[in-house]
Amino acid sequence: MQFTSLQQDSEIYAALQAETSRQREGIELIPSENYTSAAVLEAAGSILTNKYSEGYPGKRYYGGQVNVDAIENIAIERAKKLFSAEHVNVQPYSGSPANAAVYFALLNYGDTIMGLKLDHGGHITHGLPISFSGRSYKVVPYTCKPDGWLDMDEVERLAQEHKPKLIVAGFTAYPRAIDWQRFRAIADSVNAVAFADISHTAGLIAGKQLENPTPYFDVVMTTTHKTMRGPRGAIIMCKEKYAAAIDKAVFPGLQGGPHDHIIAGKAVCFAEALQPDFQNYARQIILNAKALADALKSHGFKLVTDGTDTHLILIDLTNKNITGKQAQTALDAVGITANKNTIPHEPRSPMDPSGLRLGTPAATTRGMKEAAMQKIAAWINDALASKDDAAKLQAIKEEVKSFCLQFPLPGVH
Ligand SMILES: Cc1ncc(COP(=O)(O)O)c(C=O)c1O
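Keep in mind the model is a prediction, meaning the values are calculated, not measured. (Residues numbered from 1 in each chain as written. Predicted model: local features only at pLDDT ≥ 70, side-chain atom pairs only at ≥ 80, totals over all residues. Heavy atoms only, no water.)

The environment of the ligand is formed by 14 residues, the closest being Ser-94, Ser-96, Thr-172, Asp-197 and Lys-226. A distance of 2.9 Å separates an oxygen atom of the ligand from a polar atom in the backbone of Gly-95. The side chain of His-200 places a nitrogen or oxygen atom 3.5 Å from an oxygen atom of the ligand. About the coverage of the ligand: the protein hides 86% of its 390 Å² of free accessible area. Contributing elements (two or more residues each) for the shell around the ligand: helix H4 (95-106) and strand E9 (219-223). In terms of residues, the shell around the ligand owes the most to one element, H4, which gives three residues. Its residues assigned to classes, the shell around the ligand shows two nonpolar, 10 polar and two charged. (Near = heavy atom within 4 Å. Polar contact = N/O pair within 3.5 Å; in protein donor to acceptor, adjacent residues only side chain to side chain. Areas by Shrake-Rupley, 256 points an atom, 1.4 Å probe, with all protein chains shown as cover. Helix = DSSP H or I, 4+ residues; strand = E, 2+ residues; numbered from the N terminus. Nonpolar A, V, L, I, M, F, W, Y, C, P; charged D, E, K, R; others polar.)

Following this line, the structure appears as structure tokens:
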């Protein structure tokens, strides 16, 4: 990218140039990252950042809203179409504040909620004791079985015992498709709100590769980055009966002025996801994840649940004589970016856990296919086996770089 005007700020300019090279010369395997299109980048970097527009289209607290009203309405209509939603709020700043808004709208402090335990693959905002969610509500966490699969019988048993007011389904580090129908049935059996957080898989749902919970869940939240490939942000979708409460919780409950430039970027990404080609993209993400999983297994890696249905793979490194932190560091040294992660029933600590989390959305956007996944698995295997051999790591880095340069960096002219 040229960053022409930014050259006047030499420090930020230099850092952005270096980050562009890092993104261009390395393989991005963090499952929550992606490369947005040039159109999304333009919208997100546009003059809409200058505008204040507290309120909602047609009901604002400031003047000069004619264009931002149009943009917000377009974003809403596109999201409704994409997910078959009754009501959509496109203003949440990001996934965590959006989850806060859902709870704020539908719960009282001290109410009981259920979510997947963080070290089993849940998100911080699903009830971690040190997060606002764990401090504000009584949390009954559910877990995965020793084989890594969700324990749906436990979800049912805990729901019957604790009668939660809301059950969150949808996760941060779970490689398998979710049985939405069973979650819905369990929530119904105890009169709980069924809340889906599809932040990780929204692009796969929009691309029609995974089942969409929106038509029959009460509330659905998704980030618009990750597999959705849009700007950093979130939306909340819900049944009409919750619409007023959700809107009030987002503004004025928790937020002030919406980020209109990001809302424009969301509208652009929804239009992109409505194109038939986005379904090919979503299909390829999963094909790539399955190819990467199989190739890793052929190198002796153990995978949580032994594979994936999604964009995400969780490696259990306990048989490899390396920790998640050491693995992440070795991969950083060769230009492959991934993240250390806990595995269900983690024997180590969250800061140096036994797992490594990988995902294929960004590499797939870049145009990499199954053959590339074979190469990536071999580099991962070699890098981890050579973690203390700086010369070998450097040699792998050169190979990774020359491979990556064959795939242009999306969004960068
Ligand atoms: C399932 C899930 N929900 C919510 C979030 C929070 O999103 P954000 O990082 O935009 O606050 C994440 C992000 O990692 C997530 O994985």
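Okay, the domain arrangement of the protein chain next. Each domain of the protein chain was delimited in the assignment, giving domain 1 (41-274) and domain 2 (281-404). Taking only C-alpha atoms into account, the centre of domain 1 sits 28 Å from that of domain 2. In this assembly, 24 residues from domain 1 lie in contact with 23 residues from domain 2. Interface area, domain 1 with domain 2, both sides summed: about 2000 Å², of which 60% is carbon and sulfur. Counting across the interface, domain 1 meets domain 2 through one salt bridge. Between the two partners, domain 1 and domain 2, sit 13 residue pairs in polar contact (both at pLDDT 80 or more). Broken down by class, the residue content of the side of domain 1 that touches domain 2 amounts to 10 nonpolar, nine polar and five charged. (Domains from an automatic or database assignment. Contact = heavy atoms within 4.5 Å. Buried area = accessible area lost by both parts, 1.4 Å probe. Salt bridge = Lys/Arg side-chain N within 4 Å of Asp/Glu carboxyl O.)

Here the focus is the UniProt feature "domain: Serine hydroxymethyltransferase-like" (unreviewed entry) in the protein chain. If you check UniProt for "domain: Serine hydroxymethyltransferase-like" (unreviewed entry), the listed places come out as residues 7-380 in our numbering. For the annotated span residues 7-380, helix accounts for 44% and strand for 15% of the residues, and the straight-line distance between the end C-alpha atoms is 37 Å. (UniProt positions renumbered as here; feature names shortened; annotations may be inferred.)

A word on the sheet that holds strand E15 (residues 355-359). One open sheet accounts for four strands, arranged E11-E12-E15-E14; its pairing is antiparallel. Strand pairing shows two members of the sheet lacking a second neighbour, strand E11 (302-303) and strand E14 (339-341), which therefore form its edges. Sheet topology note: the strand E12 (residues 312-316)/E15 ladder contains five bridges and is antiparallel. Bridging across to E15, Leu-314 finds its partner in Arg-357. Relative to E15, helix H12 (residues 324-334) is tilted by about 45 degrees, and along the sheet it contacts E14 and E15. (Pairing = 2+ DSSP bridges. Axes fitted to C-alpha atoms, helices over the stretch in contact; angles between N-to-C directions.)

The next thing to look at is the side chain of Asn-89. For Asn-89, the position within the fold is in strand E4 (residues 87-89). You can call Asn-89 buried: its relative accessible area is 2%. Here the side chain of Asn-89 touches Asp-247 through a polar contact of 2.9 Å, side chain to side chain. Beyond its immediate sequence surroundings of up to four residues, Asn-89 is in contact with Tyr-56, Ile-235, Ile-236, Ile-246, Asp-247 and Val-250. (Buried < 20%, exposed > 50% of the residue type's maximum accessible area, 1.4 Å probe, protein only.)

It is worth spelling out the environment of Ser-386 at this point. Here Ser-386 is to be found in the loop between helix H14 (370-385) and helix H15 (390-404). Placed 143 residues apart in sequence, Ser-386 and Ala-243 show a C-alpha to C-alpha distance of 54 Å. Once residues within four sequence positions are removed from consideration, Ser-386 is found in contact with Lys-392 and Leu-393.

Counted by the stated rule, this structure contains 17 salt bridges. Taken together, the shared-partner salt bridges in this structure form one network comprising Arg-60, Asp-69 and Glu-72.

The next subject is helix H7 (residues 180-189). Within H7, the full set of buried residues consists of Trp-180, Phe-183, Arg-184, Ile-186 and Ala-187. Buried residues of H7, seen end-on, are gathered within an arc of 165 degrees and therefore sit on one face of the element. (Arc of directions from axis to C-beta.)

Contact geometry for H12 and H15: axes closest at 7 Å, N-to-C directions at 55 degrees. Our classification of the angle between H12 and H15 gives oblique. Judged by residue contacts, Ala-330, Ala-333 and Val-334 of H12 engage Leu-393, Ile-396, Lys-397 and Val-400 from H15. Here the contact of H12 with H15 is composed, by residue class, of six nonpolar, no polar and one charged. (Parallel < 35°, antiparallel > 145°, perpendicular 65-115°, else oblique.)

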